[in-house]
Amino acid sequence: MKIVADLDLCQGHGMCEDTAPEVFRVVESEDGSYDQVEIILHEPDSGLHEKVDSAVRYCPNRALKIQ
Amino acid sequence: MSDQPRPKTVSGAKPEIGHYDDFMEHAAHFLYRAYQECGELAEFDLFGAKHVLLSSADAQEAVYRASDDQVSAAAPYQYMVPVFGEGIQYGAPVETERQQVRFMSDGLRPKRMKTYAQVIAEEVEDYISDWGDEGEKEFHDTFKELVLRTSTHCLMGSEFRHRLNDEFGELFEQLEHAISPEAVIDYQSEAEAFSTRDEARARLQEMLMKSVNERLAANAAGNEPPTDMLQSFLDARYKDGEAMDHELIPGMIIWIMFGGFHTSSNTAAWACLELARHPQYQREVIEEVDKVYGNGEDLSFAALRELPITEGFVMETLRLHPPLLTLMRQVVNQPFEYKGNVFEVGTNLVISPYVSHRLPEHFPDPERFDPHRPQPDHLFALIPFGGGRRKCVGNAFAFLQVKSILTALLSRYELSLVDAPESYREVMPSLILRPSSPCNLRYTRRK
Ligand code: HEM
Ligand code: SF4
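Residues numbered from 1 in each chain as written. Chains lettered and ligands numbered in written order. Predicted model: local features only at pLDDT ≥ 70, side-chain atom pairs only at ≥ 80, totals over all residues. Heavy atoms only, no water.

### What to know about the site of ligand 1
All names here are of chain B. What counts, and what does not: Here a residue is near a molecule or strand as soon as one of its heavy atoms is found within 4 Å of it. Polar contacts here mean pairs of N or O atoms no more than 3.5 Å apart (in protein, one a potential hydrogen donor and the other a potential acceptor; neighbouring residues in sequence count only if both atoms are side-chain atoms). Put simply, DSSP H or I for four residues or longer makes a helix, DSSP E for two residues or longer makes a strand, and each gets a number counted from the N terminus. Just so you know the grouping, Ala, Val, Leu, Ile, Met, Phe, Trp, Tyr, Cys and Pro go in nonpolar, Asp, Glu, Lys and Arg go in charged, and all remaining residues, Gly too, go in polar.
If you check the shell around ligand 1, you find 25 residues, and the closest are Tyr77, Arg98, Gly259, Arg329 and Cys392. The contact in question runs from an oxygen atom of ligand 1 to an N or O atom on the side chain of Arg98, over 2.7 Å. In the model, an oxygen atom of ligand 1 is placed 2.8 Å from a nitrogen or oxygen of the Arg329 side chain. Breaking the shell around ligand 1 down by element, the ones donating at least two residues are α5 (94-107), α13 (249-277), β6 (327-331) and α18 (395-412). Of all the elements, α13 adds the most residues to the shell around ligand 1, at seven residues. Taken together, the residues that form the shell around ligand 1 break down as 15 nonpolar, seven polar and three charged.

### Here we look at the packing of helix α14 (residues 279-294) of chain B against α18(B)
Residues and elements named next belong to chain B. Under the convention used in this document: Comment: axis = line fitted to C-alpha atoms, over the contacting stretch for helices; angle = value between 0 and 180 degrees taken between N-to-C directions. Convention used here: angles under 35 degrees read as roughly parallel, angles over 145 as roughly antiparallel, angles from 65 to 115 as roughly perpendicular, and any remaining angle as oblique. Two residues form a contact once any of their heavy atoms are found within 4.5 Å.
At a closest axis distance of 9 Å, the pairing of α14 and α18 adopts a crossing angle of 95°. Judged by the angle between their axes, α14 and α18 are roughly perpendicular. Of α18, the residues touching α14 (which contributes Gln282, Val285, Ile286, Val289 and Tyr293) are Thr407, Ala408, Leu410 and Ser411. Taken together, the residues of the contact of α14 with α18 sort by class into six nonpolar, three polar and no charged.

### What to know about the interface of chain B and chain A
As a reminder, the rule being used: Buried area: the accessible area, evaluated with a 1.4 Å probe, that two parts lose upon being put together, summed over both parts. Whenever a carboxyl oxygen of Asp or Glu lies within 4 Å of a side-chain nitrogen of Lys or Arg, that contact is scored as a salt bridge.
Counting residues at the interface gives 22 residues for chain B, matched by 20 residues for chain A. Overall, the association of chain B and chain A removes approximately 1800 Å² of surface from exposure, summing both partners, and the carbon and sulfur fraction of that is 43%. It is Arg65(B), Leu379(B) and Arg389(B) in chain B that bury the most area against chain A; as a group they hold 34% of the surface buried on that side. Remark: the boundary between chain B and chain A carries three salt bridges.

### Focus: the packing of helix α11 (residues 192-220) of chain B against α13(B)
Angle between the axes and distance between the axes: these two values describe a pair of packed helices. Residue and element names in this part refer to chain B. Between α11 and α13, the shortest axis-to-axis distance is 8 Å and the interhelical angle comes to 110°. With respect to their mutual orientation, α11 and α13 come out roughly perpendicular. Between α11 and α13, the contacting residues are Arg201, Leu204, Gln205, Leu208, Met209 and Val212 on the first element and Ile249, Pro250, Gly251, Ile253 and Ile254 on the second. Here the contact of α11 with α13 is built from residues that sort into eight nonpolar, two polar and one charged.

### Quick notes on the pattern of salt bridges
Scanning the entire structure with this criterion turns up 37 salt bridges over all chains. The salt bridge partner of Asp22(B) is Arg33(B), with a shortest N-O separation of 2.9 Å. Of the two residues, Asp22(B) sits in helix α1 (residues 20-25) while Arg33(B) sits in helix α2 (residues 27-38), which places them eleven residues apart along the sequence. Through salt bridges with shared partners, a single ionic network connects Asp6(A), Asp8(A), Glu61(B) and Arg65(B).

### Examining α2(B)
Residue and element names in this part refer to chain B. Put simply, the rule reads: A helix is expected to reach a length of 1.5 Å times the quantity of its residues less one. Residue burial is assigned from relative accessible area. The probe radius is 1.4 Å, only protein chains are included, and a residue is buried under 20% of its type maximum, exposed over 50%, and partly exposed in between.
Over its twelve residues, α2 runs 16 Å from end to end, which matches the ideal 16 Å to within 8%, given 1.5 Å per residue. Within the span of α2, buried status applies to Ala27, Ala28, Phe30, Leu31, Tyr32, Ala34, Tyr35 and Cys38. At its buried positions, α2 is contacted by β1 (8-9), α1, β2 (41-46), β3 (49-54) and α17 (353-356). One or two steps after α2, the chain reaches Gly39, where phi turns positive at roughly 85°.

Remember that the coordinates give geometry; whether it matters functionally is a separate question.
The following block contains the structure:
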């Protein structure tokens, strides 16, 4: 499993971090606009896959993808 | 001549005014005709200003992914500056404006939604408590009144909400009258609507500043700050650590109200109209609502839950009736290229959810209302809230409001049409798509 984020779509609402905090963190952006997701674990082990799947599914902006 | 591709031009331009009459008459229908005549790229002219409608998910994506220094939102929307004020939104530098939108999103975080859900539930249940066993209502105006209550309550807090009188709604309406196709052409003209706009804006500043000052005093007295947007704006900080100038907060409130008020109330009205038109889908939504309410949950909790059938129904409503459908960007700094077409600096790029949502490659048999349609795979095909970095900041809040209204209504009543089905039409007296008036529906207590 490899996760990618499309930052043009992310508006930092943080649903992903709530769902899988081991994998996603929401950080302030440099320009002071929306916060942005940061993937802290790009290739999580299988124990986390279910959580990551839900995070991807529930991102309201469909900004996350599993490759 | 080079063989560079060029968009086709929409028919019917008149000397000097171009397509202005047709655009004014009904922007949605004009833009749909533009697409039908010209396809993916359709050029038209409003008083000499060149506009290109882009109608494909790929073209929409290209515009939404372009940066602010390629396509500017501020340039075509300058007519909003007298409405919100200098220093706010498009009256501020883009770096400031982007941070102000972040302030809004801070005030709309998932954690805060629970509080808003409670406020909305209370307002909705109170509003319909005296509806009795059956009756008829004009649903457009009904929801306007209701959403004015829910949104002022969540934005400005309960003191402001309970002082709310007709004046606030009327002033707001005067601001809206100035948002018209005429304004798009010349928002500084001598027209009466524009002087009324400026007077209404000044009076709103006074009313809202009163609440700002009261809140500052309450905070200084050590009261627990409430969860509402006003407090978020007071707590917000730019990246240099500065707070907002308090005089700008009324403009922020007006801005967020403009984004959320008619869009949400119209969506609720359209959704009820579609429920009444389609009894079989209404039954499905009612079944889902009963499942949640049947468990003894209260409305605020129910509306926060995932309700896939209800949400699908609202999404299909937004597909066919997107309240905002003339989304504009202007090419700035250097020409913008799409598939070999070159759009010069100054060209207005138009994206219309009304048209995109009728593209047969994503929505077969597009005019048919079908809440079971699968979501298109393309991320930029279904765009009632826009897309990219400027996608609607209030979309979760909008869903919360509309779901609360539908859930409360359908747990008590069934809805049906009052007038002949064909008498309910879509009209555009302003730049917002709404059901024709009167939008009368009958509600009957469920057995
Ligand atoms: C069904 C209801 C709604 C619809 C259909 C809707 C639609 C939209 C669309 C299409 C845009 C993008 C405009 C563009 O690209 O030029 C937008 C932006 C915006 N909306 Fe909404 N909206 C709704 C509800 C709300 C609510 C409830 C709020 C506030 C709580 C809100 C606040 C805003 C704001 C502030 C923006 C500007 C965002 C930015 O510039 O980044 N909207 N909305
Ligand atoms: S849920 Fe989606 S939009 Fe929100 S922070 Fe995560 S990736 Fe970004």
